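Structural characterization, general
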Amino acid sequence: MTDLFTRFSEDLQLRGLSEKTVIMYTRAVRQLTKHYHKSPEEISDEELRQYFLYNKNVRKWSRVASTISLCGIKYFYTLTLKRPWTSLKFIRPEKEKKLPVILSRNEVNAILNRVQFPHHRACLKVIYSLGLRLGEGVRLQVSDIDSDRMFVHIHQAKGNKDRYIPMPLRTLEILRAFYKMHRNPVWVFPAPGRGGQKMSSNNIPIPIASIQIAFGEAKKKAGIHKKVSVRHLRHSYATHLLEAGVPLRYVQQYLGHEDPKTTMVYTQLIKQDLEEPTRILNELMVIL
């Protein structure tokens, strides 16, 4: 069975999928195998159908988790096993119409200034100020920072796409101040090691998990009860730019969205001029 998973991993790589996607899709097939305690080659279409129903109704998987599982398993059967998928074409995770939670600028400031360690604080500030995904932030390299043109080059992001993001002057100041603390020739945010003594020579970036933990602890200290994580800094960045008057097409470009409809979600979240409607509502409700 190991050879089968190796072949699947190689097939995905040849398809041009990212390392992260290969890992997730391979894990999805392993979960299926573990569920039925047999080789995926022996699993019938009806068993696949029951597996997806189990994940939806019993495990209560989210749409994201269900989609990853569906895509990984579909790739495995159609790409590696060369098995038709026709009988399961109808399986589609239900679309969610949720809007992301947004932090105000004051809330962002309250959280980031309560992050305990400088390396975590600098990384989170850069993630917010550039609208980065967490993985993009921790993998920034020194060569990605163009201080002459004031751009940051993001390499092989989601969908294996590159993009340039304008760099605020304050972000450059944060990056320069933090670089003086470690002077690592490769990584903008190198793994600190025990006691933070290995940043100058470490050849790996700061762990993603440590950034997530630092954000959660700072949010708690700031007394913010919204259900937010690091990714909500990106959502907040987009919304704050639109509120400040940055055109949608530029925000789309900065975020690396291929479809403008993805970026348009944030137009529903911007704080609009509600003074007059609020006055009318207050007048109407005096009868209560």
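So, here's what we can say about the structure. (Residues numbered from 1 in each chain as written. Predicted model: local features only at pLDDT ≥ 70, side-chain atom pairs only at ≥ 80, totals over all residues. Heavy atoms only, no water.)

A closer look at the overall build of the chain
Within the chain, the secondary structure is distributed over 13 helices and three strands. Evaluated residue by residue, the chain yields a buried proportion of 39% over its 288 residues. In the chain, the proportion of contacts linking residues at least 24 apart, taken out of those at least 6 apart, comes to 56%. (Helix = DSSP H or I, 4+ residues; strand = E, 2+ residues; numbered from the N terminus. Buried < 20%, exposed > 50% of the residue type's maximum accessible area, 1.4 Å probe, protein only. Contact = heavy atoms within 4.5 Å.)

Some words on the pairing of strand S3 (residues 163-166)
Of the two faces of S3, only one is covered, namely that formed by Arg163 and Ile165; the face formed by Tyr164 and Pro166 stays uncovered. Two strands pair when backbone bridges link them, and strand S2 (residues 151-154) and S3 are joined in this way by four bridges, in the antiparallel orientation. When the sheet's bridge partners are listed, Val152 is paired in S3 with Ile165. (Pairing = 2+ DSSP bridges.)

Section: the layout of surface pockets
Regions of empty space are outlined by a rolling probe, equal in size to a water molecule, passed over the atoms. Space inside the second largest pocket adds up to approximately 740 Å³. Arg105, Val108, Tyr128, Ser129 and His240 are, among the 25 residues lining the second largest pocket, the residues nearest its centre. Sorting the residues of the lining of the second largest pocket by element identifies helix H5 (105-112), helix H6 (118-130), helix H8 (169-182) and helix H10 (231-243) as the ones contributing at least two each. The element best represented in the lining of the second largest pocket is H5, accounting for five residues. Considering only residue class, the lining of the second largest pocket consists of 13 nonpolar, seven polar and five charged. (1 Å grid on protein atoms, 1.4 Å probe; cavity = no way out; pocket = protein on both sides within 12 Å on 5 of 7 lines; lining within 4 Å. Points joined across faces, edges and corners; volume = space filled by probe spheres on them. Nonpolar A, V, L, I, M, F, W, Y, C, P; charged D, E, K, R; others polar.)

So, the pattern of salt bridges
According to the stated counting rule, one finds ten salt bridges in the structure shown. Two residues, Arg83 and Asp45, come together in a salt bridge whose shortest N-O distance is 3.2 Å. Here the residue Arg83 occupies a position in the loop between helix H4 (63-80) and H5, and Asp45 occupies one in helix H3 (residues 45-57), the gap between them amounting to 38 residues. Look at Asp45 and you get partly exposed, because its relative accessible area is 28%. Close ionic contact of Arg133 with Glu136 constitutes a salt bridge, the shortest N to O distance being 2.6 Å. The network of salt bridges with shared partners includes Arg133, Glu136 and Arg163. (Salt bridge = Lys/Arg side-chain N within 4 Å of Asp/Glu carboxyl O.)

Here we look at unusual backbone geometry
Of note in the backbone geometry, Lys60 takes a positive phi value of approximately 55° without being a glycine. In this structure, Lys60 sits in the loop between H3 and H4. Exposure remark for Lys60: the relative accessible area of 61% places this residue in the exposed category. The phi torsion at Met150 lies on the positive side, around 60°, for a residue other than glycine. Mapped onto the secondary structure, Met150 falls in the loop between strand S1 (145-146) and S2. The exposure class assigned to Met150 is partly exposed, which follows from its relative accessible area of 22%.

Focus: helix H2 (residues 19-36)
Taking 1.5 Å of rise per residue, the 18 residues of H2 would be expected to cover 26 Å, and the 26 Å separating its terminal C-alpha atoms lies within 8% of that figure. All of the buried residues along H2 are Thr21, Val22, Tyr25, Thr26, Ala28, Val29, Leu32 and Thr33. In a view along the axis of H2, the buried residues occupy a sector of 145°, so they form one face of it. Exposed and facing more than 90 degrees away from the buried side of H2 are Glu19, Lys20 and Lys34. (Expected span 1.5 Å × (residues − 1). Arc of directions from axis to C-beta.)

Observations concerning the sheet that holds S1
Strand order in this open sheet of three strands is S1-S2-S3, and the pairing throughout is antiparallel. Strand pairing shows two members of the sheet lacking a second neighbour, S1 and S3, which therefore form its edges. Two elements, S1 and S2, share two bridges in a ladder whose sense is antiparallel. Note that in S2 the partner of Asp146 across the bridge is Phe151.

What to know about the environment of His155
Inspection of the secondary structure assignment puts His155 in the loop between S2 and S3. Overall, His155 belongs to the partly exposed group, its relative accessible area being 41%. Along the chain, His155 and Gln141 lie 14 residues apart, while their C-alpha atoms are 9.8 Å from each other. With residues near it in sequence (within four places) discarded, His155 still touches Asp144, Lys161 and Asp162. Of note is the side chain of His155, whose polar atom sits 2.8 Å from the side chain of Asp144. (Polar contact = N/O pair within 3.5 Å; in protein donor to acceptor, adjacent residues only side chain to side chain.)

A look at the environment of Lys125
Note that Lys125 resides in helix H6. Along the primary structure Lys125 and Leu112 are separated by 13 residues, whereas in three dimensions their C-alpha atoms are 6.6 Å apart. Aside from chain neighbours lying at most four places away, what touches Lys125 is Leu112, Asn113 and Ile174.

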